[in-house]
Amino acid sequence: MAAPAASSPQLAEPRWVVPHSGHPFTISAAERQSDPSQGSKTCKSGCISHKGLVCKCLLGKQNLLLIPLFLQVTCNCFTISNGEMQDVGVGLYPSMSLLNHSCDPNCVIVFEGYQLLLHSIREIQIGEELTISYIESLMPTNERQKQLMRQYCFECDCLLCQNQEKDAEKLAGEEHAWKEVKDAVNETKYPKSKEEWEQVLARCQNLLSSDMSRLPDTNIYQLKMLDCAMDACINLECWEEALYYGSRTLGPYR
């Protein structure tokens, strides 16, 4: 008996992407029920538009070639920040994208308007590679490795990751205390009104006062809470309190 012809592999689920035109195919439930072809497009697998996205089957080979470009931009772009370190956009700087990552970098990226500048942060030896940190290097080794793998698909093997230096200091204090602060920081969304900023500040003050004797300011999550409290005070124009919280972060950041 002849072997059955091999069939092409089928995707378990359609992969949805934004159409190149920027106008997703849409179809209402009523339209679909009355006339499945009205206002919609389907592929041979029966895929239809879903939540503003379309199956890649509908785009054709030409537009599919754009997907790697989008991914390259996402992986290589830099977040542009203003003088107050607030994110204002993203930009693509090809020469700076060639810089490799280190959790203990010798350079840092800063912005003057939309101009990207590369500053050294310590003495650099002749022939030493220039490096920057792709992520927040203050995080403990385990968290840094998770983020690098999730976002950039590689593991860092710099000396800081190999010997896990400073991890004990970053997680100093009572574990249940910093885990509570960590959860609070992760749950905090960027406020959009004065009332929301007041709520954020009240929660920060409550946790910081209760954890004063349990967590040192060198603990990374305590430090993030101090940053959050300072931001809230600045937005509420409580300048003296902002200065107080900001001054507590100076030592750990050094």
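Novice: It is not clear to me how the overall build of the protein should be interpreted in this structure. Could you clarify?
Specialist: The helix and strand tally for the protein stands at ten helices and eight strands. Per-residue burial for the protein yields a buried fraction of 30% across its 254 residues. For the protein, contacts bridging at least 24 residues in sequence account for 54% of all contacts bridging at least 6.

Novice: Whenever I open this one, the pattern of salt bridges confuses me. Can you help?
Specialist: Two side chains of opposite charge can pair, provided their charged atoms sit close to one another. Using the criterion set out here, one finds six salt bridges in the structure. One salt bridge connects R122 with E128, and the closest N-O pair in it is separated by 3.2 Å. When the shortest N-O distance is used, the salt bridge between E136 and K224 registers 2.9 Å. Highlighted residues: E136 in the loop between β8 (131-132) and α4 (141-152) and K224 in helix α9 (residues 220-235), separated in sequence by 88 residues. With a relative accessible area of 33%, E136 lands in the partly exposed category. With a relative accessible area of 23%, K224 lands in the partly exposed category.

Novice: Explain the packing of aromatic side chains here, please?
Specialist: What describes a pair of aromatic rings is the distance from one ring centre to the other and the angle between the planes of the rings. A complete count under the given rule lists seven aromatic pairs for this structure. Geometrically, the ring pair formed by Y134 and Y152 is tilted, given 5.1 Å between the ring centres and 50° between the ring planes. Remark: Y152 occurs in helix α4 and Y134 occurs in the loop between β8 and α4; sequence separation between them is 18 residues. Since its relative accessible area comes to 17%, Y152 is described here as buried. For the ring pair Y152 and F154, a centre distance of 6.4 Å and an interplane angle of 45° mean the geometry is tilted.

Novice: Help me understand unusual backbone geometry in this model?
Specialist: Located in the positive-phi region is C153, a residue other than glycine, with phi close to 65°. Residue classification places C153 among the exposed positions, given a relative accessible area of 61%.

Novice: Just to check I follow, could you spell out helix α8 (residues 194-210) for this structure?
Specialist: Owing to its 3.6 residues per turn, the α-helix aligns residues three or four sequence positions apart on the same side. Given a rise of 1.5 Å per residue, 17 residues ought to cover 24 Å, and the 24 Å separating the end C-alpha atoms of α8 matches this to within 8%. When α8 is considered as a whole, its buried residues turn out to be W197, V200, L201, C204, L207 and L208. Along α8, the residues classed as buried sweep out an arc of 135° about the axis, all on the same side. Turned more than 90 degrees off the buried face of α8, the exposed positions are Q199 and N206. Packed against the buried residues of α8 are α7 (175-187), α9 and α10 (239-253).

Novice: When you look at α9 in this model, what are you seeing that I'm missing?
Specialist: Here α9 contains 16 residues, and its C-alpha end-to-end distance of 23 Å stays within 8% of the 22 Å for a straight helix at 1.5 Å per residue. I220, Y221, Q222, L223, M225, L226, D227, C228, A229, A232 and C233 are the residues of α9 that are buried. Buried residues in α9 make contact with α4, α6 (167-170), α7, α8 and α10. Looking at where α9 begins, the residue whose side-chain oxygen comes 2.9 Å from the main-chain nitrogen of Y221 is N219.

Novice: Even after reading the chapter, I still don't get the environment of L148, so can you show me in this structure?
Specialist: Structurally, L148 can be placed in helix α4. Its relative accessible area of 0% is what places L148 among the buried residues. Excluding residues that lie within four positions of it along the chain, L148 makes contacts with H101, C103, Y134, I135, C153, F154 and C156.

Novice: Looking at this structure, I do not really get the nonpolar core. What am I missing?
Specialist: Burial of nonpolar side chains together is a common tendency in soluble globular proteins. L201, M225 and Y245 are the most contacted members of the largest nonpolar core, which totals 24 residues. Every element with two or more residues in this core is listed here: α7, α8, α9 and α10. When residues of this core are assigned to their parent elements, the largest contribution, eight residues, is made by α9. When sequence neighbours within four positions are dropped, the list of residues in contact with L201 reads A229, A232, C233, L236 and Y245. Core analysis: the next-biggest nonpolar cluster, separate from the first, contains ten residues, F78, I80, C107 and F111 among them.

The rules behind each value
Sequence positions are assigned chain by chain, starting from 1 and proceeding in written order. Since the coordinates come from a predicted model, pLDDT governs what is reported: local features require at least 70, and pairs of side-chain atoms require 80 or more to be given and counted, while whole-chain, interface and lining totals use all residues. As a rule here, side-chain values cover all heavy atoms of the structure and leave hydrogens and water aside. We count a stretch as a helix when DSSP gives it H or I for four or more residues in a row; a strand needs E for two or more, and each element gets its number in order from the N terminus. Buried, partly exposed and exposed residues are distinguished by accessible area as a fraction of the type maximum, computed with a 1.4 Å probe on protein chains only: under 20%, between the cut-offs, and over 50%, respectively. Residues count as neighbours in contact if any of their non-hydrogen atoms are within 4.5 Å of one another. Salt bridges are identified by distance alone: a Lys or Arg side-chain nitrogen within 4 Å of an Asp or Glu carboxyl oxygen. Working definition: rings of Phe, Tyr and Trp (its six-membered ring) pair if their centres are within 6.5 Å, and the pair is stacked with planes under 30 degrees apart, edge-to-face with planes over 60 apart, and tilted otherwise. Working rule for helices: expected span equals 1.5 Å times residues minus one. It is the directions from the helix axis to the C-beta atoms whose arc is reported. Definition of a polar contact: a pair of N or O atoms within 3.5 Å, with one able to donate and the other able to accept a hydrogen when the atoms are protein atoms, and with sequence-neighbouring residues admitted only if both atoms are side-chain atoms. Nonpolar core, defined: a set of buried Ala, Val, Leu, Ile, Met, Phe, Trp, Tyr and Cys residues in which side-chain atoms within 4.5 Å join the residues together.

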